[in-house]
Amino acid sequence: MRRTPPRGRGGFTSFPRSCAQDQRVQMTATATAAAPPKESPYFIEKVLWVKHWTDRLFSFAITRPASFRFRSGEFVMIGLPPREELGEKKPILRAYSIGSPSFAEELEFFSIKVPDGPLTSRLQQIQEGDEILLGKKPTGTLVLDAVRPGKRLFLFGTGTGLAPWLSVARDPDAYSRFERVIVCHGVREVKELAYRDLFTAEIFDDPLVGDEARAQLTYYPTVTREPFERQGRFTDLIASGKLFSDLGIEGGKFDPEHDRAMLCGSMAMIKDTAAMLEAQGLKEGSNAEPGDFVIERAFVG
């Protein structure tokens, strides 16, 4: 007598699952249960303070995660949480140079205000206690390790391109590697010389670099659109030799043997100044191969 196989629902014949099928089901269930939640690529930090320099410029600082490490002069992605009530699903993030030295307990940033900017239109409204998204992977070329040893380190920055020099100029390594550190800040109007007090007075009281800064730091501001003690673009000051005469440097040009430079700010300034440095014998460097000057390729391309 033939035995009829059992029928399942709907009259279809059902057969026992194989051991392999059972194992696959069990493994899938175990993997699903054991899968860890996806780790966020950002830290969520708190705003500690905000300072508005002008209607175009402001600075702010946020808490620093215990595990966050960076080299003075590097940049990181920062942003604001998406506003779900407005249908935003993803945060808007931008690259910002870190203005604090690598050992600081807080992270400082220097930003321009763009009225219609996707991020800065909101960022300029932040207040103490607000949340900021901080990327976990700082990087960059504007670091001391990317330039060869020398006597003088020129830090050229226009506008908020001063930010990485806030970090580098407060790092003791800058003064141990170079006899002279020259912070060159170019702006359009005098009121945009943010951090002027830092470089002319406050840094000299810094417990870590105060004595070194007093002996080795030179602050060189210049303005392009209104009267000031020094006027002109960096490229014009370099071409005319005035930059060097103002600083008491003989020769009227850069010395490839002794001079090193870092550039940050407007794309036009970076490209034009880099071309002048190369014409005077300095070679561009990188993290992989230190040179005589560096720019941030991530911004300039």
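Check the entry above for the structure.
In this report, the structure presented in the accompanying data block is examined. (Residues numbered from 1 in each chain as written. Predicted model: local features only at pLDDT ≥ 70, side-chain atom pairs only at ≥ 80, totals over all residues. Heavy atoms only, no water.)

## Describing the sheet that holds strand S7 (residues 152-158)
Working step 1: The sheet built from five strands is open, its strands ordered S9-S8-S7-S10-S11 with parallel pairing. Two strands lie at the open edges of the sheet, namely strand S9 (217-223) and strand S11 (293-295), each paired on one side alone. Averaged over all adjacent pairs, the angle separating strand axes in this sheet is 15 degrees, with direction ignored.
Working step 2: Bridging between strand S10 (residues 259-264) and S11 involves three bridges; their strand directions are parallel. Opposite Met 262, over in S11, you have Val 294 as the bridge partner.
Working step 3: Docked against the sheet, helix H9 (residues 267-279) engages S7, S10 and S11, running at close to 165 degrees with respect to S10. (Pairing = 2+ DSSP bridges. Helix = DSSP H or I, 4+ residues; strand = E, 2+ residues; numbered from the N terminus. Axes fitted to C-alpha atoms, helices over the stretch in contact; angles between N-to-C directions. Contact = heavy atoms within 4.5 Å.)

## Let's talk about the environment of Ser 240
Working step 1: Looking at where Ser 240 falls in the secondary structure, it is placed in helix H7 (residues 234-240).
Working step 2: On the accessibility criterion, Ser 240 (54% relative accessible area) is exposed.
Working step 3: When the C-alpha positions of Ser 240 and Lys 253 are compared, they lie 9.2 Å apart, and in sequence the two are 13 residues distant. (Buried < 20%, exposed > 50% of the residue type's maximum accessible area, 1.4 Å probe, protein only.)

## A word on the nonpolar core
Working step 1: Ranked by internal contacts, the top residues of the largest apolar core, which has 37 residues, are Tyr 175, Phe 199 and Met 262.
Working step 2: Secondary structure elements with two or more residues in this core: S7, helix H3 (163-168), helix H4 (172-177), strand S8 (180-187), helix H5 (196-200), S9 and S10.
Working step 3: Per-element accounting of this core gives the leading share, four residues, to H3.
Working step 4: Ignoring anything within four residues of it in the chain, the contact list for Phe 199 reads Leu 162, Trp 165, Leu 166, Ala 169, Val 183, Phe 204, Leu 217 and Tyr 219. (Core = buried A, V, L, I, M, F, W, Y, C linked by side-chain atoms within 4.5 Å.)

## Quick word on the sheet that holds strand S3 (residues 75-80)
Working step 1: Overall, antiparallel pairing links the six strands, which are arranged S4-S3-S6-S1-S2-S5 in an open sheet. Each edge of the open sheet is held by one strand with a lone partner, namely strand S4 (92-97) and strand S5 (106-112). Each neighbouring strand pair of the sheet contributes to a mean axis angle of 40 degrees, computed without reference to strand direction.
Working step 2: Relative to strand S2 (residues 57-63), strand S1 (residues 42-52) runs antiparallel, the two sharing five bridges. Considered in S2, the bridge of Lys 51 is made with Ser 59.

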